[in-house]
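Coordinate inspection notes
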Amino acid sequence: MTDFTDKNILVMGGSRGIGAAIVERFAKDGGDVAFTYASSPEPANLLASKTGSTALQSDSAQRDQVVQIVQQRGKLDCIIVNAGVLEMGDPLDLDPDAIDHMIDINIRAPYHAFVEAARNMNDNGRMIVIGSCNAERMPFAGGAAYAMTKSAMQGMVRGLARDFGDRGITANAIQPGPVDTEMNPADGPMKDMMHGFMAIKRHARVDEVAGMAAYLASEEAAIVTGACHTIDGGFNA
Ligand code: NDP
């Protein structure tokens, strides 16, 4: 169990999938949780009423909205950037605008969110981004741009750890392997290929990733910073 009583927590991209599991876990453990969503008001409002958290519409592709929502939440104890999109396919065919949109959400948004949060963050605060095991291993074709966005998170958390360590603020990336969500359903067409890379041949459950986030946000993890935590059933082993 972790205890987030009286902690001001913001989850960017919390309406569905891994983000929703993080909202549930942190709210269950007593946190004052707000989360953003872009285009899914129904699951967002349902989750908010189920967990007592606050749903805020904000598009992570828009820097102004990212900065504004962080400012709106005041002095944060923990910010978790989960919002991410996946564009896969032959780089010669992929729409360059879709790739730039992914870069906006997967790279620019976490950077600007964390820097803005740091301006006003309580000492011993927590910055956590959901990266991917593909930051370190991209074992099939079509994932170059996605892997690039997730590798960028590695350099970012290392740097942020140095920037804000004197305030006890930690910065970490969680690097999941396949996780059962709408982005990557456990019964999807790529499951056998992905499980072939794994030591434990199944998709992770969203609550398993939320558990890693809760540990990194806990007091127990006060010395864990500038690190990338792979949770992938051995995909990268
Ligand atoms: P889902 O597609 O199931 O959910 C994505 C979440 O991000 C939704 O809450 C969505 O909000 C939000 N989001 C997307 N775009 C925006 C945006 N522009 N502004 C605000 N919120 C946005 O994805 P997952 O839960 O599977 O993935 C979550 C994170 O985990 C991503 O960063 C992904 O790259 C990473 N990841 C996932 C893996 C997997 O196998 N599932 C493996 C490794 C990493 P809305 O509902 O409003 O669209």
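What comes next concerns the included structure. (Residues numbered from 1 in each chain as written. Predicted model: local features only at pLDDT ≥ 70, side-chain atom pairs only at ≥ 80, totals over all residues. Heavy atoms only, no water.)

**A word on the nonpolar core**
Of all hydrophobic cores here, the largest spans 32 residues; its most connected members are Val11, Ile22, Phe26 and Ile174. Counting residues per element, the ones that place at least two in this core are strand 1 (8-12), helix 1 (17-28), strand 2 (32-37), helix 2 (41-51), strand 4 (78-81), strand 5 (126-130) and helix 7 (206-217). Those residues in contact with Phe26, other than ones at most four positions away along the chain, are Phe4, Ile9, Gly31, Val33, Cys78, Ile80, Ala210, Ala213, Ala214 and Ala217. Counting residues in hydrophobic clusters, the runner-up holds 28 residues, among them Val81, Met127, Val157 and Ala173. (Core = buried A, V, L, I, M, F, W, Y, C linked by side-chain atoms within 4.5 Å. Buried < 20%, exposed > 50% of the residue type's maximum accessible area, 1.4 Å probe, protein only. Helix = DSSP H or I, 4+ residues; strand = E, 2+ residues; numbered from the N terminus. Contact = heavy atoms within 4.5 Å.)

**Examining helix 7**
The end-to-end C-alpha separation of helix 7 is 17 Å, in line with the 16 Å expected for 12 residues at 1.5 Å each. Looking only at helix 7, the buried set comprises Val209, Ala210, Met212, Ala213, Ala214, Leu216 and Ala217. Against helix 1, strand 4, strand 5, strand 6 (170-176) and strand 7 (227-231) lie the buried residues of helix 7. (Expected span 1.5 Å × (residues − 1).)

**Comments concerning the packing of helix 1 against helix 2**
Describing two packed helices takes the angle between their axes plus the distance from one axis to the other. Where helix 1 meets helix 2, the closest approach of the two axes is 10 Å, and the angle between their N-to-C directions is 15°. By the angle between their directions, the pair helix 1 and helix 2 is classed as roughly parallel. Where helix 1 crosses over helix 2, the two elements pack in a sense that is right-handed. Here Ala20, Val23, Glu24 and Ala27 of helix 1 lie close against helix 2, whose contacting residues are Leu47, Lys50 and Thr51. Of the residues in the contact of helix 1 with helix 2, the class split is four nonpolar, one polar and two charged. (Axes fitted to C-alpha atoms, helices over the stretch in contact; angles between N-to-C directions. Parallel < 35°, antiparallel > 145°, perpendicular 65-115°, else oblique. Left-handed = near helix turned anticlockwise from the far one by under 90°. Nonpolar A, V, L, I, M, F, W, Y, C, P; charged D, E, K, R; others polar.)

**Things to note about the site of the ligand**
Around the ligand, the structure places 32 residues, and the nearest of them are Arg16, Ala38, Ser39, Ser40 and Thr181. The side chain of Asp59 places a nitrogen or oxygen atom 2.8 Å from a nitrogen atom of the ligand. Here a nitrogen atom of the ligand and a backbone polar atom of Ser60 are 2.8 Å apart. Counting atoms within 2 Å of the grid points, the majority share of the ligand lands in the largest pocket. Elements with a contribution of two residues or more to the shell around the ligand: helix 1 and helix 5 (144-164). (Near = heavy atom within 4 Å. Polar contact = N/O pair within 3.5 Å; in protein donor to acceptor, adjacent residues only side chain to side chain. 1 Å grid on protein atoms, 1.4 Å probe; cavity = no way out; pocket = protein on both sides within 12 Å on 5 of 7 lines; lining within 4 Å. Sits in = over half its atoms within 2 Å of the grid points.)

**Some remarks on the side chain of Lys150**
With respect to the helices and strands, the residue Lys150 is situated in helix 5. Residues within four places of Lys150 in sequence aside, it is in contact with Asn106, Ile130, Gly131, Ser132 and Ala135.

**Regarding the sheet that holds strand 6**
Read across the sheet, seven strands follow the order 3-2-1-4-5-6-7 without closing on themselves; strand pairing throughout is parallel. Of all the strands in the sheet, the pair left with one neighbour each is strand 3 (54-57) and strand 7. Here the average twist between neighbouring strands, direction ignored, is 20°. As paired strands, strand 2 and strand 3 are joined by four bridges and run parallel to one another. Pairing of Thr36 across the sheet is with Leu56, part of strand 3. Its contacts with the sheet put helix 7 on strand 4, strand 5, strand 6 and strand 7, and the angle it makes with strand 6 is roughly 165°. (Pairing = 2+ DSSP bridges.)

**Comments concerning the packing of aromatic side chains**
A complete count under the given rule lists three aromatic pairs for this structure. Through pairs of rings, three or more aromatic residues link up here, namely Phe140, Phe197 and Phe235. (Phe/Tyr/Trp six-rings, centres within 6.5 Å; stacked < 30°, edge-to-face > 60°.)

**Examining empty space enclosed by the protein**
Any empty space left between the atoms is revealed when a probe the size of a water molecule rolls over them. Within the structure shown, the criterion is met by one cavity of 30 Å³ or more. Along its surface, the largest cavity is lined by Val81, Asn82, Ala83, Asn106, Pro110, Val129, Ile130, Lys150 and Met153. (Points joined across faces, edges and corners; volume = space filled by probe spheres on them.)

**Things to note about the layout of surface pockets**
Its volume calculated, the largest pocket comes out at about 1000 Å³. Along the walls of the largest pocket sit 45 residues, with Gly84, Val85, Leu86, Thr181 and Met183 positioned nearest its centre. Elements that contribute at least two residues to the lining of the largest pocket include exactly helix 1, strand 2, helix 4 (96-119) and helix 5. The volume enclosed by the second largest pocket comes to roughly 260 Å³. Along the walls of the second largest pocket sit 17 residues, with Lys7, Arg126, Ala217, Ser218 and Glu219 positioned nearest its centre. Taken together, the residues that form the lining of the second largest pocket break down as six nonpolar, four polar and seven charged.

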